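So you can see what is in the structure, the chains are spelled out below.
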Amino acid sequence: MDEDSERMGGAYSAAPYSREIHDERSSVRAALRTDLPAANLGLGVTALGLIVVASFAGLRWALIVLAGFTTWFILALGVIRIGGGRGWGAVRRAYIATFGWGNWI
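Here's what I pulled together on the structure shown here. Here the structure is a predicted model, which is why all the values come from computation and not from measurement.

Bringing the packing of helix α3 (residues 36–57) against helix α5 (residues 87–99) into the picture now. Running from amino to carboxyl end, α3 crosses α5 at an angle of 55°, the nearest separation of the two axes being 8 Å. Relative to α5, the element α3 is oriented oblique. Two packed elements cross with a definite hand, and for α3 against α5 that hand is left-handed. On α5, the residues that touch Leu-36, Ala-38, Ala-39, Asn-40, Gly-42, Leu-43 and Thr-46 of α3 are Arg-92, Tyr-95, Ile-96 and Phe-99. Looking at the contact of α3 with α5 residue by residue, the class counts come to 7 nonpolar, 3 polar and 1 charged.

In this structure, Thr-70 sits in helix α4 (residues 59–82). The class for Thr-70 is partly exposed, based on a relative accessible area of 38%. Sequence spacing of Thr-70 and Thr-98 is 28 residues, and the spatial spacing of their C-alpha atoms is 8.8 Å.

Moving on to α4. Its 24 residues place the ends of α4 34 Å apart at the C-alpha level, agreeing with the 34 Å of an ideal helix rising 1.5 Å per residue. Taken together, the buried positions of α4 are Ala-62, Ala-76 and Ile-80. Of the surrounding elements, those touching the buried residues of α4 are α3 and α5.

The terminal C-alpha atoms of α5, which comprises 13 residues, lie 19 Å apart, in line with the 18 Å expected from a rise of 1.5 Å per residue. Of the positions making up α5, those classed as buried are Ala-90, Ala-94, Tyr-95, Ile-96, Thr-98 and Phe-99. Close packing links the buried residues of α5 with α3 and α4.

Turning our eyes to something else, we now look at the side chain of Thr-46. Relative to the assigned elements, Thr-46 resides in helix α3. With relative accessibility at 9%, the residue Thr-46 sits in the buried group. One polar contact links the side chain of Thr-46 to the main-chain carbonyl oxygen of Gly-42, over a distance of 2.7 Å. If we skip the residues at most four places from it in the chain, Thr-46 touches Phe-69, Phe-99 and Trp-101.

Criteria and thresholds
- Residues numbered from 1 in each chain as written.
- Predicted model: local features only at pLDDT ≥ 70, side-chain atom pairs only at ≥ 80, totals over all residues.
- Heavy atoms only, no water.
- Axes fitted to C-alpha atoms, helices over the stretch in contact; angles between N-to-C directions.
- Helix = DSSP H or I, 4+ residues; strand = E, 2+ residues; numbered from the N terminus.
- Parallel < 35°, antiparallel > 145°, perpendicular 65-115°, else oblique.
- Left-handed = near helix turned anticlockwise from the far one by under 90°.
- Contact = heavy atoms within 4.5 Å.
- Nonpolar A, V, L, I, M, F, W, Y, C, P; charged D, E, K, R; others polar.
- Buried < 20%, exposed > 50% of the residue type's maximum accessible area, 1.4 Å probe, protein only.
- Expected span 1.5 Å × (residues − 1).
- Polar contact = N/O pair within 3.5 Å; in protein donor to acceptor, adjacent residues only side chain to side chain.

Here it is, written out as structure tokens:
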């Protein structure tokens with residue numbers, strides 16, 4: 001037996017484990033949390049990237065990249081709507097899900 005289970009008299013206690021998992025998940029959620037200004041920055045960087053792609057690779061490739069982002073937004077909006085999101089709140093959450101990576105620039 002290991003030292004922890006011996007201290008508890010051989011009984012298993014999930015409380016310390018649950019607390020550690022909760023603390024770890026809280027820190028991950030805080031690190032991944034984004035907001036509207038970060039999404040706006042992500043949209044701006046995407047627009048600049050599309051301009052660069054269009055100027056060097058042509059309009060066709062810029063439209064392909066734009067279609068990818070549009071598809072991602074529509075999928076995110078669909079998932080949020082299935083989950084019960086409605087109205088502008090659902091659109092806002094899908095926008096943040098699509099462009100919220102601007103938080104890490």
